[in-house]
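Listed below, chain by chain, are the residues.
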Amino acid sequence: MLILFLLLLLVGPYFVLAFLSRWFPALKLSAGFRARVGLTLFFLFTALGHFIRTDQMAQMLPPSVPYRVELIHLTGIFEILGALGVWILRLRKIVGVLLIIMLIGILPSNIYAALARVEFGGHGNGPAYLLIRVPFQLLVIWWTYLSTLRQNDSHVNIDQ
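The structure presented is a predicted model; accordingly, all values stated were derived computationally and were not measured.

Under the defined criterion, the tally for this structure stands at 8 aromatic pairs. Note on Tyr14 and Trp143: the rings are 5.7 Å apart at their centroids and 80° apart in plane angle, and the pair reads as edge-to-face. Pair noted here: Tyr14 is in helix α1 (residues 2–23) and Trp143 is in helix α6 (residues 130–148), with a separation of 129 residues, a long-range link. Note on Trp143: relative accessible area 7%, which makes it buried. Taken together, a centroid distance of 5.2 Å and an interplanar angle of 80° make the contact between Phe42 and Phe43 edge-to-face. The exposure classification of Phe42 matches that of Phe43, with both residues buried. Clustering of aromatic rings is evident, with ring pairs tying together Tyr14, Phe15, Trp142 and Trp143. Just above the ring of Trp87 sits the side chain of Arg36; from NZ or CZ to the centre is 5.4 Å.

Listed below in structure tokens is the structure:
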């Protein structure tokens, strides 16, 4: 259920803003702008979990990883910085690359958590959960690429 909520948080604003742009043509919101709104909401929400559910998220890391709680806090800070950084035009591409690197870097912890059946965020369902989680992670990587690295802001819009 959490994955569905995260999916809606990520892509929902894109479609809502596209619909509004049709009804209010003066908005002229680019595809990149609409995608960044969802990306920002997604990363701000997931970052919140790093500070509210720290202990559960720390269990997603193997016990051999040192400073697990500190790592969870650090990645939460990175997610907040990334959510904000995508709006700074001069930083957008480097922030996009760094977010993609972070997303690739945290995938092994999701795999570990599913194999260890950590009772957090659906990982308790075991390896079958990876059939949903891995494609979703790839979607988030693709969405990050589209909203930060791809040149999709070619027409007049409010974020130029």
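End to end, α1 covers 31 Å across 22 residues, agreeing with the expected 32 Å (1.5 Å per residue, within 8%). Taken as a whole, α1 carries its principal kink of about 40° at Val11; the proline Pro13 stands between one and four residues after it. Within α1 the residues assigned to the buried category are Ile3, Leu6, Leu9, Leu10, Val11, Gly12, Pro13, Tyr14, Leu17 and Ser21. Tucked into the core, α1 has its buried residues touching α2 (31–52) and α6.

Let us look at the layout of surface pockets. When its volume is computed, the largest pocket comes out at roughly 730 Å³. What lines the largest pocket is a set of 34 residues, and nearest its centre among them are Thr46, His50, Met57, Phe120 and Arg133. Secondary-structure elements contributing two or more residues to the lining of the largest pocket are α1, α2, α4 (68–85), α5 (92–115) and α6. Here the lining of the largest pocket gets 8 residues from one element, more than from any other, and that element is α2. A per-class count over the lining of the largest pocket returns 21 nonpolar, 10 polar and 3 charged. Considering only enclosed or pocket space, the second largest pocket measures out at about 170 Å³ in volume. Residue lining of the second largest pocket: Phe78, Leu81, Gly82, Val95, Leu98, Leu99 and Met102, and that is the complete set.

Reading the values: rules and limits
Residues numbered from 1 in each chain as written. Predicted model: local features only at pLDDT ≥ 70, side-chain atom pairs only at ≥ 80, totals over all residues. Heavy atoms only, no water. Phe/Tyr/Trp six-rings, centres within 6.5 Å; stacked < 30°, edge-to-face > 60°. Helix = DSSP H or I, 4+ residues; strand = E, 2+ residues; numbered from the N terminus. Buried < 20%, exposed > 50% of the residue type's maximum accessible area, 1.4 Å probe, protein only. Lys NZ or Arg CZ within 6 Å of the ring centre and 35° of its normal. Expected span 1.5 Å × (residues − 1). Bend = angle between axes of the 7 residues up to and from the residue. Contact = heavy atoms within 4.5 Å. 1 Å grid on protein atoms, 1.4 Å probe; cavity = no way out; pocket = protein on both sides within 12 Å on 5 of 7 lines; lining within 4 Å. Points joined across faces, edges and corners; volume = space filled by probe spheres on them. Nonpolar A, V, L, I, M, F, W, Y, C, P; charged D, E, K, R; others polar.

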